2 protein chains.
Amino acid sequence: MNPDIRRERENATFNTEILTNILDGCAEKTKRRREIESLVVSDPDFQHDDLNFMSRSERYDAAVKKSSQMIMKLRDYGISDPEEIYFYKRIARGNFHEAFGLHYTMFLPTLYSQCTPEQRKKWLPLAENFKALGTYAQTELGHGTHIRKLETTATYDPSTQEFVLNCPTVTSIKWWPGGLGKTSNHAIVLAQLYTQGKCHGLHAFIVPIRCMKTHQPLPGVTVGDIGPKFGFDEVDNGYLKLDNVRIPRENMLMKYAQVEPDGSYLKPPSDKLTYGTMVFIRAMIVGESARALSKSCTIAIRYSAVRHQSELRPGEPEPQILDYQAQQYKLFPLLAAAYAFTFVGQYMSNTYHRITGDINQGDFSQLPELHALAAGLKAFTTWAANAGIEVCRMACGGHGYSRCSSLPDIYVTFTPTCTYEGENTVMMLQTARYLVKCYRQVREGQQLSGTVSYLNEPQRLQPQPVSSRPTVVNINDLASLVEAYKLRAAKLVEVAAKSLQGELQRSISQEDAWNNSSIELVRASDAHCHYVVVELFAAKLSEISDTAVHSVLNTLALLYALHGITLNSGDFLQAGLLTVPQLSQITQRIKALMVEIRPNAVALVDSFDYRDETLNSVLGRYDGNVYESMFEWAKRSPLNRTEVHESYYKYMKPLRSKL
Amino acid sequence: MNPDIRRERENATFNTEILTNILDGCAEKTKRRREIESLVVSDPDFQHDDLNFMSRSERYDAAVKKSSQMIMKLRDYGISDPEEIYFYKRIARGNFHEAFGLHYTMFLPTLYSQCTPEQRKKWLPLAENFKALGTYAQTELGHGTHIRKLETTATYDPSTQEFVLNCPTVTSIKWWPGGLGKTSNHAIVLAQLYTQGKCHGLHAFIVPIRCMKTHQPLPGVTVGDIGPKFGFDEVDNGYLKLDNVRIPRENMLMKYAQVEPDGSYLKPPSDKLTYGTMVFIRAMIVGESARALSKSCTIAIRYSAVRHQSELRPGEPEPQILDYQAQQYKLFPLLAAAYAFTFVGQYMSNTYHRITGDINQGDFSQLPELHALAAGLKAFTTWAANAGIEVCRMACGGHGYSRCSSLPDIYVTFTPTCTYEGENTVMMLQTARYLVKCYRQVREGQQLSGTVSYLNEPQRLQPQPVSSRPTVVNINDLASLVEAYKLRAAKLVEVAAKSLQGELQRSISQEDAWNNSSIELVRASDAHCHYVVVELFAAKLSEISDTAVHSVLNTLALLYALHGITLNSGDFLQAGLLTVPQLSQITQRIKALMVEIRPNAVALVDSFDYRDETLNSVLGRYDGNVYESMFEWAKRSPLNRTEVHESYYKYMKPLRSKL
């Protein structure tokens with residue numbers, strides 16, 4: 001092991017194993033996760049060269065192979081618990097995606113939730129045995145966020161008891177679904193249902209798109225890969241154009257809405273029934289933000305402990321770059337955010353499961369708050385993690401640009417979360433809609449509960465000159481900082497609500513008023529989410545009994561909160577929550593916290609407990625042997641397969657003879 | 001043409017051609033640039049399919065081909081003016097780099113500036129005729145920023161009158177130089193010179209690395225490609241390990257320092273002589289920031305004029321997404337920044353040439369300021385453009401992730417500017433060193449000139465309670481905003497200087513004090529650069545006579561300045577330069593400015609005058625025919641060459657039979 005990184009581990013003030021157990025949930029879970037991970041790591045079928053050395057077609061090929069192998073191996077091992085499957089796949093996938101991903105995340109769950117009993121009998125065996133391999137085709141070339149305007153049609157023909165599916169325009173071509181281009185032989189297609197001359201809006205249909213024997217596209221089906229993207233090389237995101245494709249009436253998912261043989265349409269009993277999956281996926285993305293950021297921090301912090309550069313004191317050896325304040329200021333707030341998001345992810349997962357229980361009991365009361373929170377936190381954490389990965393990459397200097405660092409892979413694999421499952425700005429505006437509604441409910445005398453209960457306290461928000469009010473914040477006390485974030489959020493929700501009101505008084509329509517207040521509305525959501533994150537981080541601390549771990553996490557929580565204040569200091573000053581002298585104190589306090597974190601930085605990323613096989617990063621290796629490994633990696637790369645590249649003979653040599 | 005985008009052009013309030021001429025410098029230059037661009041666009045040799053459809057090896061091959069062809073064609077056309085060559089290559093390269101890039105930017109210039117007359121006679125004909133194709137090998141696997149610690153050695157052997165070059169450790173392997181892996185047969189190698197038992201520090205040596213006949217690596221030379229990166233697929237960044245490689249004494253570049261046949265070492269007369277190239281490249285990068293950002297804005301704004309989504313008013317058709325305030329708030333400040341950086345780039349280029357003239361007259365007096373400014377503005381503009389490209393990409397929704405948008409290509413091609421030619425944080429600290437020095441000079445009674453002259457006015461910076469001082473800023477007046485930025489910079493330079501002083505009073509060493517003040521120092525540089533950008537934008541306005549163009553640029557300048565204030569409102573409040581009520585007014589003013597910009601948004605990006613062939617973006621097409629082109633592009637992509645991918649037969653079909 002590299003002596004620098006060994007010394008870092010020796011100097012840590014806490015036991016990383018205890019912290020790993022907290023992150024996993026308990027010691028048992030850590031143990032089981034590691035057992036499952038060992039299955040993958042020791043499996044010769046999963047040994048392969050760096051995917052970055054392959055062409056797109058080879059990478060897709062490798063991903064299909066891996067997806068197929070995982071199915072067999074999980075059956076052989078008898079692993080069926082969803083969390084255990086997740087552990088297994090997570091390490092097998094590394095920094096990439098699974099070729100059959102949409103089959104699991106969208107095709108099967110939609111069949112489970114929207115099939116009638118007869119449909120289940122037919123389709124589940126086909127889908128569960130991968131004879132029907134499917135995806136979920138919603139987004140169209142010209143339509144993303146606003147699904148009501150999707151153009152694909154499904155017109156019922158009672159004479160044959162079939163639906164006729166059509167993509168009538170270029171903009172109506174289904175576009176983006178994962179696994180659609182080459183992998184799937186079925187798609188659940190979202191289409192406007194027409195029957196008896198009337199449009200009944202969007203419904204879901206099971207559409208066979210490729211022959212189950214030959215895998216050739218079926219008549220009327222134009223299907224293919226949408227071409228290279230920013231990452232996702234292993235996934236065949238696809239397009240699908242349907243021209244008079246006929247499917248039996250029974251291929252409409254009919255658990256809720258129905259079309260009878262004569263073409264009569266029966267409405268679904270409620271439109272909230274398919275609401276849950278979306279909230280679930282968004283809530284899970286919060287956890288993905290934590291993972292992407294914690295992986296990136298692991299790589300950047302370990303490398304910063306190994307890398308020596310420049311000089312702090314003349315004549316002395318080059319210091320570890322982790323000793324530079326500027327480097328710490330880049331990485332330690334991100335490390336703190338990685339921990340914060342991990343705990344927020346745990347909270348979202350727990351809350352989702354709790355509320356799902358309530359819903360199954362018929363109690364929908366907490367769904368709106370969860371929906372708003374999932375939307376906002378999805379946006380808040382993905383934006384922060386997205387920017388944070390790039391900060392980590394650039395904190396590794398030139399070597400961060402090499403694919404051997406894996407930071408580019410982590411970025412391109414993660415960045416779509418800012419857009420899919422709800423574009424982030426749209427998400428922030430959804431959360432804002434909920435916040436403004438709550439704000440108005442309070443004005444009307446209602447009492448709120450849950451994460452928005454702070455809006456109950458309007459008296460604290462009256463504008464007062466800074467000098468005449470007592471300072472709210474004690475910058476050394478986490479509870480006081482939570483309070484400051486809460487008041488900032490309350491203030492910005494009020495500003496947004498008043499902006500809306502002001503626009504309406506200028507006799508503008510509701511819709512224009514909303515659009516003209518977007519800046520304030522997004523800002524309000526952002527402040528709300530920021531408060532929730534700080535609050536949940538603080539709440540998590542109360543659960544931690546180990547003194548040493550508690551202490552280091554408390555330091556991180558303070559850093560997270562104070563750093564967020566400096567980035568948004570205008571808000572806090574404007575709301576009178578801070579004084580100008582306090583702002584300078586905060587910078588000093590941040591420096592002191594970074595000094596506290598410094599000896600534990602490597603131990604804090606070790607606690608995330610990523611195996612080298614998961615990170616796949618030369619810079620982030622546990623043993624710190626960075627340079628030798630980088631040289632070995634480079635020598636294996638494709639351009640080095642010949643000493644002289646063919647372009648020399650084709651172009652460079654002839655050029656010389658001409659000059 | 002798409003009717004939406006036609007309507008946008010009809011509604012513009014100014015003549016785009018006039019603005020294009022301003023950006024080019026004059027109408028003549030616009031004309032000549034377009035003539036040269038037409039040569040490339042109409043050339044069948046430069047027609048090729050999307051590089052994103054190719055493997056890394058194919059892309060490198062295509063780049064070598066293009067580099068070779070450009071040499072012949074430029075000779076045939078008789079184009080030899082550097083700016084005209086730049087126009088030609090810029091459009092031929094598109095969003096990518098040139099295979100022979102380092103030969104032009106580093107190998108040749110180093111020969112020109114550091115060869116003795118005899119060396120020129122030998123090497124220039126070889127290099128100018130591409131018989132010697134070269135690169136510049138400085139960075140090592142373990143050494144980047146701090147070049148004094150480079151480990152490669154060149155030891156003089158008087159018995160044979162040769163230098164013996166060695167990379168004695170893994171960390172001393174030359175790493176990263178463009179064109180080193182496969183293309184170059186020579187490298188200028190930076191190495192520690194040892195002669196007569198003494199080390200004389202870094203010197204430059206011409207080292208043949210591949211046989212000029214066979215292109216095979218020479219004995220003792222281990223050379224190869226460093227492997228795939230985040231972009232730069234077409235460039236063979238390389239590694240080079242030298243083991244007892246002997247070169248004649250005459251291969252040391254000896255214009256300044258010299259080693260005589262007996263091994264005696266003669267010192268160079270000054271160490272500032274090679275200072276200029278570095279400043280030049282950094283100054284040029286400012287212009288690259290402007291180009292990358294203006295390309296990205298062109299793509300995102302044109303697409304936002306074509307894309308319709310969601311609803312503003314119930315029952316009405318989906319609006320152009322450019323009508324959403326949230327979308328404007330993402331893109332218009334970036335558009336303003338793209339203009340700002342363009343003008344700053346022009347200023348840097350002009351200033352560089354002016355000061356180079358002074359230097360040639362023996363006047364070095366303005367070099368330190370230029371050096372500090374180039375470092376800081378390089379960092380300031382590349383960071384802003386880097387983040388801005390990603391905002392543009394994500395503002396295009398899902399389609400921004402497709403390689404057909406070219407936004408991923410623009411990003412990965414641009415992002416290394418944050419690290420190469422001086423890592424950005426290191427650059428900011430260099431600028432800070434200059435600012436603190438200036439601050440101290442003022443305290444000692446000196447009077448400063450140039451961009452730092454604002455530090456002469458310390459009396460304006462005394463802390464005063466906000467309520468008791470007159471408000472400095474008129475938020476509707478650009479000059480007043482420039483003044484506010486100036487005072488913010490002065491304040492933050494003072495904060496940084498005082499932090500240093502405070503650390504020193506705690507009897508810490510100079511070096512530790514510097515490190516412990518990094519946060520404040522970077523902040524000071526950032527504020528200084530921000531001020532310079534706002535100032536130069538305002539200054540440019542005074543040169544513009546066309547009323548309509550002046551008006552729209554003035555709107556952009558105000559937006560740039562006010563948006564920057566909202567992002568850093570804490571600084572302005574803290575310095576007492578703004579009041580809390582003014583901050584709300586600024587948001588309102590920003591909204592009003594965006595409404596003013598809206599009808600001119602497409603015309604403002606049209607004025608950058610990028611040809612479709614330069615942008616290579618389906619989303620950014622001039623004619624707005626986005627969706628049809630995207631479908632055509634996708635159909636050509638590699639995974640669609642067969643209807644059924646081989647992985648179906650290899651894995652998916654066998655899997656089914658097993659289950």
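Residues numbered from 1 in each chain as written. Chains lettered and ligands numbered in written order. Predicted model: local features only at pLDDT ≥ 70, side-chain atom pairs only at ≥ 80, totals over all residues. Heavy atoms only, no water.

Draft legend 1. Structural detail: the overall build of chain A. Along the backbone of chain A there are 22 helices and 11 strands. Taking 2.2 N^0.38 as the reference for a compact globule, 659 residues should give roughly 26 Å; the C-alpha atoms of chain A span a radius of gyration of 27 Å, in line with that estimate. Oriented by its inertia axes, the alpha-carbon framework of chain A measures out at about 85 × 80 × 65 Å. Within chain A, residue pairs in contact and separated by at least 24 positions form 73% of the contacts whose partners lie at least 6 positions apart. Working note: accessible area of chain A is about 24100 Å², and carbon and sulfur atoms make up 52% of it. Distance from the positive charge centre (71 side chains) to the negative charge centre (70 side chains) of chain A: 3 Å. (Helix = DSSP H or I, 4+ residues; strand = E, 2+ residues; numbered from the N terminus. Rg over C-alpha atoms; globule rule 2.2 N^0.38 Å. Contact = heavy atoms within 4.5 Å. Areas by Shrake-Rupley, 256 points an atom, 1.4 Å probe, with all protein chains shown as cover. Lys, Arg positive; Asp, Glu negative; His and termini not counted. Charge placed at Lys NZ, Arg CZ, Asp CG, Glu CD.)

Draft legend 2. Highlighting the pairing of strand β9 (residues 245-248) of chain B. Residue and element names in this part refer to chain B. Side-chain alternation along β9 places V245 and I247 on a buried face and R246 and P248 on a face that remains uncovered. Where strand β3 (residues 162-166) meets β9, 4 bridges bridge the pair, whose relative direction is antiparallel. Paired with F163 across the strands is I247, a residue of β9. (Buried < 20%, exposed > 50% of the residue type's maximum accessible area, 1.4 Å probe, protein only. Pairing = 2+ DSSP bridges.)

Draft legend 3. Structural view of the sheet that holds strand β8 (residues 238-242) of chain A. The strand order across the open sheet built from 3 strands is β4-β8-β7 (chain A), with neighbouring strands paired in antiparallel fashion. Looking along the sheet, the strands with just one partner apiece sit at the ends: β4 (174-175) and β7 (221-225) of chain A. On the sheet, helix α21 (residues 626-635) of chain B packs against β4, β7 and β8 of chain A and is oriented at approximately 115° with respect to β8(A). (Axes fitted to C-alpha atoms, helices over the stretch in contact; angles between N-to-C directions.)

Draft legend 4. Fine view of the state of the cysteines. Residues and elements named next belong to chain A. Using the criterion set out here, one finds 0 disulfides over all chains in the structure. C199 provides the cysteine sulfur closest to C167, a residue in no disulfide bond, and the two sulfurs are 15 Å apart. Relative accessible area serves as the criterion here: at 2%, C167 is assigned to the buried category. Sulfur of C297: no disulfide; nearest cysteine sulfur belongs to C392 and is 4.1 Å away. (Disulfide = S-S within 2.5 Å.)

Draft legend 5. How the structure looks around the relation of the copies chain A and chain B. For the pair chain A and chain B, the superposition axis carries a translation of 0.0 Å, the fit reaches an RMSD of 0.0 Å, and the rotation angle comes to 180°. As the rotation angle and translation indicate, the two copies are arranged about a two-fold axis. Minimal C-alpha distance to the rotation axis in chain A is attained by G570(A), lying at 1.9 Å. (Least-squares fit on C-alpha atoms with pLDDT ≥ 70 in both.)

Draft legend 6. Molecular detail of the environment of T579(A). Residue and element names in this part refer to chain A. Along the chain, T579 falls in the loop between α17 (569-574) and α18 (580-597). T579 sits in the partly exposed class, given a relative accessible area of 21%. Sequence spacing of T579 and I247 is 332 residues, and the spatial spacing of their C-alpha atoms is 68 Å.

Draft legend 7. Highlighting the interface of chain A and chain B. Taken residue by residue, the interface counts 132 residues in chain A and 132 residues in chain B. At the boundary of chain A with chain B, total buried surface from both sides reaches about 11400 Å², with 58% on carbon and sulfur atoms. Across the contact surface, chain A and chain B share 10 salt bridges. Between chain A and chain B we count 74 residue pairs in polar contact (both at pLDDT 80 or more) in total. Top contributing element to the side of chain A that touches chain B by residue count: helix α22 (residues 646-658) of chain A, with 11 residues. For the side of chain A that touches chain B, the per-class residue count stands at 50 nonpolar, 45 polar and 37 charged. (Buried area = accessible area lost by both parts, 1.4 Å probe. Salt bridge = Lys/Arg side-chain N within 4 Å of Asp/Glu carboxyl O. Polar contact = N/O pair within 3.5 Å; in protein donor to acceptor, adjacent residues only side chain to side chain. Nonpolar A, V, L, I, M, F, W, Y, C, P; charged D, E, K, R; others polar.)

Draft legend 8. Layout of the pattern of salt bridges. If you walk through the whole model with that rule in mind, you get 88 salt bridges over all chains. Put simply, K330(A) and E423(B) hold a salt bridge, and the shortest N to O gap is 3.4 Å. Of the two residues, K330(A) sits in helix α9 (residues 325-360) while E423(B) sits in the loop between α11 (407-414) and α12 (424-443), which places them in two different chains. Within the structure, one salt-bridge network assembled from shared partners comprises E17(A), D24(A), R33(A), R34(A), E37(A) and D609(A).

Draft legend 9. Structural view of the packing of aromatic side chains. Overall, the coordinates contain 44 aromatic pairs over all chains when judged by the stated rule. For the pair F46(B) and Y88(B), a centre-to-centre distance of 6.3 Å together with 65° between the ring planes defines the contact as edge-to-face. Taken together, the residues span a long stretch of sequence, with F46(B) in the loop between α3 (27-41) and α4 (56-77) and Y88(B) in helix α5 (residues 82-93) at a distance of 42 residues. A centroid spacing of 6.4 Å and a plane angle of 75° characterise the contact between F341(B) and F380(B), whose relative ring orientation is edge-to-face. With F341(B) in helix α9 (residues 325-360) and F380(B) in helix α10 (residues 367-395), this residue pair connects regions lying 39 residues apart in the sequence. Each member of the pair F341(B) and F380(B) is classed as buried. Of note, K89(A) hangs over the ring of Y104(A), and the distance from its end group to the ring centre comes to 3.3 Å. In this arrangement the basic side chain of R393(A) is found over the ring face of Y401(A), its NZ or CZ atom lying 4.5 Å from the centre. (Phe/Tyr/Trp six-rings, centres within 6.5 Å; stacked < 30°, edge-to-face > 60°. Lys NZ or Arg CZ within 6 Å of the ring centre and 35° of its normal.)

Draft legend 10. Here's a closer look at the sheet that holds strand β7 (residues 221-225) of chain B. Taken in spatial order, the 3 strands line up as β4-β8-β7 (chain B) in an open sheet, and their pairing is antiparallel. The open sheet has two edge strands with one neighbour each: β4 (174-175) and β7 of chain B. Strand contacts of helix α21 (residues 626-635) of chain A: β4, β7 and β8 (238-242) of chain B, with the helix running at about 115° to β8(B), the strand carrying the most contacts.

Draft legend 11. Layout of the packing of helix α15 (residues 518-541) of chain A against helix α18 (residues 580-597) of chain B. In the contact formed by α15(A) and α18(B), the axes pass within 10 Å of each other and the chain directions differ by 130°. As the angle between them shows, α15(A) and α18(B) are arranged oblique. Residues I519(A), E520(A) and R523(A) of α15(A) pack against T587(B), Q588(B), K591(B) and M594(B) of α18(B). A per-class count over the contact of α15(A) with α18(B) returns 2 nonpolar, 2 polar and 3 charged. (Parallel < 35°, antiparallel > 145°, perpendicular 65-115°, else oblique.)

Draft legend 12. Just the side chain of H563(A), in detail. Mapped onto the secondary structure, H563(A) falls in helix α16 (residues 547-567). On the basis of relative accessible area, H563(A) is assigned to the buried category, the value being 15%.

Draft legend 13. Looking closely at helix α22 (residues 646-658) of chain B. Between its first and last C-alpha atoms α22(B) spans 18 Å; for 13 residues at 1.5 Å apiece the expected length is 18 Å, and the two agree. If you look at α22(B), its biggest bend is around 25°, right at M652(B), and the proline P654(B) turns up within four residues after that. Residues of α22(B) that are buried: S647(B), Y648(B), Y651(B), M652(B), L655(B) and R656(B). Contacts from the buried residues of α22(B) go to α4 (56-77) of chain A. (Expected span 1.5 Å × (residues − 1). Bend = angle between axes of the 7 residues up to and from the residue.)

Draft legend 14. Representation of the pairing of strand β6 (residues 198-208) of chain B within the structure. Across 9 bridges, the pairing between strand β5 (residues 186-195) of chain B and β6(B) is antiparallel. Bridge pairing links H186(B) to P208(B) in β6(B).

Draft legend 15. View of the environment of V223(B). By secondary structure assignment, the location of V223(B) is in strand β7. Not counting residues up to four positions away in its chain, the partners in contact with V223(B) are E643(A), L180(B), G181(B), I209(B), R210(B), P217(B), Y239(B) and L240(B).

Draft legend 16. Summary view of the confidence of the model for chain A. Residue and element names in this part refer to chain A. Chain-level statistics for chain A give a pLDDT mean of 95 and a share of 97% at 70 or above. Every residue in residues 463-468 scores below 50 in pLDDT, and together they form 3 contacts with partners more than four places removed in sequence or on other chains. Interface scoring of the predicted complex returns ipTM 0.97; its pTM is 0.97. (pLDDT = per-residue confidence, 0-100.)

Draft legend 17. Just the packing of α15(A) against α9(B), in detail. Running from N to C, α15(A) and α9(B) cross one another at 85°; their axes reach a closest spacing of 8 Å. On the basis of the axis angle, α15(A) is roughly perpendicular to α9(B). Contacts between α15(A) and α9(B) involve S518(A), I519(A) and R523(A) on the former and, on the latter, Q325(B), A326(B) and Y329(B). When the residues that make up the contact of α15(A) with α9(B) are grouped by side-chain class, the tally is 3 nonpolar, 2 polar and 1 charged.

Draft legend 18. Summary view of unusual backbone geometry. Residue and element names in this part refer to chain B. In this structure, H215 takes a positive phi of about 70° despite not being glycine. Phi at S406 is positive, roughly 65°, even though this residue is not glycine. By relative accessible area, S406 is classed as buried at 0%.

Draft legend 19. Region of the structure containing the side chain of S517(B). By the element assignment, S517(B) lies in the loop between α14 (510-516) and α15 (518-541). What makes S517(B) buried here is its relative accessible area of 0%. Reaching out from S517(B), the side chain makes a polar contact with the backbone oxygen of A513(B) at a distance of 2.9 Å. Look past the residues within four positions of S517(B) in its chain and what remains in contact with it is Q325(A), K591(A), S499(B), L500(B) and E503(B).

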